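Each chain, written out:
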Amino acid sequence: MSSEETHETLPLDDVRVVELGQLLAGPFCGQLLGDFGAEVIKVEDPASGDPMRQWGREKPHGRSLWWPVVARNKKSVTADLRTAEGQDLVRRMLEKADVLIENFRPGTLERWGLAPERLWETNPRLVVTRVTGFGQTGPYASRAGYGSIGEAMGGIRYVTGDPDRPPARAGISLGDSLAATFACLGTLVALHQRERTGRGQVVDSAIYEAVLAMMESLIPEYQVAGYQRERTGTTLPNVAPSNVYPTADGEMVLVAANQDTVFRRLAAAMDRPELATDERYATHGARGHHMAELDELIARWTATQPADALLELLHEHGVPAGRIYKAADMLTDPHFAAREAIVRLTHPELGELAMHNVVPKLSESPGRVRHVGPRLGEHNDDIYRDLLGIDDDELSSLRSAGII
């Protein structure tokens, strides 16, 4: 897929977003909106830009590989928000915008003269999306709130990992991404409501609450039944078989056959149909009670077969199973290719760059990755001259003063 812009209609191409956030929680919300066509104007500090430009484990040619993804489809302008002139530039942008995204500590916008109430004086239709660790209200609102703290407080850290070790991290910035995803949902709801009322509103997305929203029945389990979920490693408590099993060639295969009908199919695949009527394994509850011995029995069987042959057999019998993928597997998998789950674009310094495509897929108005993350201030002229009508002399003055 080419990185060139086209004139195809996208479902959010009538929505203008000004993104003031940095790092991940706010910018990922902007990425999601931009994926479906919103014009996302990212405002960055003129001296250094968003720290995401430098973040990431691998940086070939000194370039972050995270920035081209999280800033894809966006426009970059620079403005020093600590100055009255920079604040005025943003205020003028917001008069022509539909959405403001920010993920600063509560009170920061207010100190800059950009409180929602002031912005609504000139643009009452503006949706103000605010992403923070703890929300805009409450006794913890003013605390610094990174994603990891929200993951811990929201409950997911406690239940992640092996039972004999401290809580583990998921391996991705889960809290930030969840808060951003809920912020995007809230933004779209607020835009829909605006069509009824003609007014914008504040979308308040807190990281710990976004994590909490994913915790299934954890709270009533404790409140009603006195049961505290614990870390269980690769298994689901009382749900079997659902685990990672070894193969003859050293691969790992995940098998999930915990429903009665599916377990019968697994027993047939193992050429052990009697297992499905064995009182230890015949019901969901019985299999959960005898999880350890059932997992050992299945592992002895899977360890006799290469992964490819094992998976083919399981798929033939309608048993959910699959490898645990790494990046190399994703780049060569035919299903990923058939559904265009990975898109390839051209990066000006790195050449071809692969990344995940837009999700979810829409049958009539799908989103599209149009270009990788922009250079710092790449769209200053586009926005300041063309959108705001600032002339060359004023632009030159703003640059000389370090405002942009």
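These numbers were taken from a predicted model, which means no experiment stands behind them.

Trainee: What is the right way to read helix 1 (residues 25–35) from this model?
Mentor: Helical geometry: 3.6 residues make up each α-helical turn, so side chains three or four residues apart lie on a common side. For helix 1, a buried count of 11 out of 11 residues is recorded, marking the element as mostly surrounded by other parts of the structure. Regarding helix 1, the residues found buried are Ala25, Gly26, Pro27, Phe28, Cys29, Gly30, Gln31, Leu32, Leu33, Gly34 and Asp35. Looking one or two places after helix 1, you find glycine 37, whose phi comes out positive at around 105 degrees.

Trainee: Where do I start with the layout of surface pockets in this structure?
Mentor: The gaps left among the atoms become clear once a water-sized probe is rolled over them. In this model, the largest pocket occupies a volume close to 1,200 Å³. When contributions to the lining of the largest pocket are tallied by element, the ones reaching two or more residues are helix 1, helix 2 (67–70), helix 7 (174–197), helix 14 (327–332) and strand 11 (351–356). Of the residues that constitute the lining of the largest pocket, the class distribution is 19 nonpolar, seven polar and seven charged. Space inside the second largest pocket adds up to approximately 690 Å³. Taken together, 32 residues line the second largest pocket, and the ones lying closest to its centre are Leu23, Gly145, Tyr146, Gly147 and Asp176. A per-class count over the lining of the second largest pocket returns 15 nonpolar, 10 polar and seven charged.

Trainee: Hey, could you run me through the packing of aromatic side chains in this one?
Mentor: How two aromatic rings sit relative to each other is given by the distance of their centres and the angle of their planes. Following the criterion strictly, the structure yields four aromatic pairs and no others. Between phenylalanine 104 and tryptophan 112, the ring centres sit 5.0 Å apart and the planes meet at 75 degrees, which makes this aromatic pair edge-to-face. Clustering of aromatic rings is evident, with ring pairs tying together Phe134, Tyr140 and Tyr208. Residue placement shows arginine 143 over the ring face of tyrosine 140; its charged tip is 3.8 Å from the ring centre. Above the plane of the ring of tyrosine 158 lies arginine 231, whose end atom (NZ or CZ) is 5.1 Å from the centre.

Trainee: Any chance you could explain the sheet that holds strand 8 (residues 252–256) here in plain terms?
Mentor: Strand pairs in the sheet, formed through backbone hydrogen bonds, run parallel or antiparallel to each other. Read across the open sheet, the three strands follow the order 7-8-9; overall the sheet is antiparallel. Among the strands making up the open sheet, the edge pair consists of strand 7 (242–246) and strand 9 (321–323). Here the average twist between neighbouring strands, direction ignored, is 25 degrees. Direction of pairing for strand 8 relative to strand 9: antiparallel, over a ladder of three bridges. The partner of valine 253 across the bridge, within strand 9, is arginine 323.

Trainee: What exactly am I supposed to notice about the nonpolar core here?
Mentor: Ranked by size, the top nonpolar core spans 44 residues in total, and within it Val15, Val17, Cys29, Leu33, Ala38, Val99 and Met355 carry the most contacts. Put simply, the parts of the chain that give this core at least two residues each are helix 1, helix 2, strand 4 (99–102), strand 5 (127–132), helix 7, helix 8 (207–212), strand 10 (342–347) and strand 11. With eight residues, the top contributor of residues to this core is helix 7. Discounting chain neighbours no more than four positions away, the residues touching valine 17 are Leu33, Ala38, Glu39, Val40, Ile41, Val99 and Ile101. Counting 30 residues, the second largest nonpolar core, distinct from the first, contains Val77, Leu94, Phe104 and Leu395.

Conventions and cut-offs
Numbers given for residues are sequential positions, taken from 1 along each chain in its written order. With the structure being a predicted model, the display of local features is reserved for residues of pLDDT at least 70 and the display and counting of side-chain atom pairs for 80 or more, all residues being used for whole-chain, interface and lining totals. To obtain the side-chain values, all non-hydrogen atoms of the structure were used and water was disregarded. The cut-offs for exposure are 20% and 50% of the maximum accessible area for each residue type, with area from a 1.4 Å probe on protein chains only; residues under the lower value are buried, those over the upper are exposed, and the others partly exposed. Helix numbers and strand numbers start at the N terminus; a helix is a DSSP run of H or I with at least 4 residues, a strand a run of E with at least 2. The rule is simple: put a 1 Å grid over the protein atoms alone, call a set of points where a 1.4 Å probe fits but cannot get out a cavity, call an open set with protein on both sides within 12 Å along at least five of seven lines a pocket, and count a residue as lining if it has an atom within 4 Å of a point. Grid points are joined across faces, edges and corners, and a volume is the space filled by probe spheres set on the points. When residues are grouped by polarity, Ala, Val, Leu, Ile, Met, Phe, Trp, Tyr, Cys and Pro land in nonpolar, Asp, Glu, Lys and Arg in charged, and all others, Gly among them, in polar. Geometry of aromatic contacts follows a simple scheme: Phe, Tyr and Trp rings, the Trp one being its six-membered ring, pair when their centres are within 6.5 Å, and the pair is stacked under 30 degrees between planes, edge-to-face over 60, tilted otherwise. A ring is scored as having a charge over it whenever the NZ atom of a lysine or the CZ atom of an arginine sits within 6 Å of its centre and within 35 degrees of its normal. Should DSSP find at least two bridges between two strands, the strands are regarded as paired. Angles run from 0 to 180 degrees between N-to-C directions of axes, and those axes are lines fitted to C-alpha atoms, restricted for helices to the stretch in contact. Residues grouped as a nonpolar core are buried Ala, Val, Leu, Ile, Met, Phe, Trp, Tyr and Cys residues, joined through side-chain atoms within 4.5 Å. Here a residue-residue contact requires only that any non-hydrogen atoms of the pair lie within 4.5 Å.

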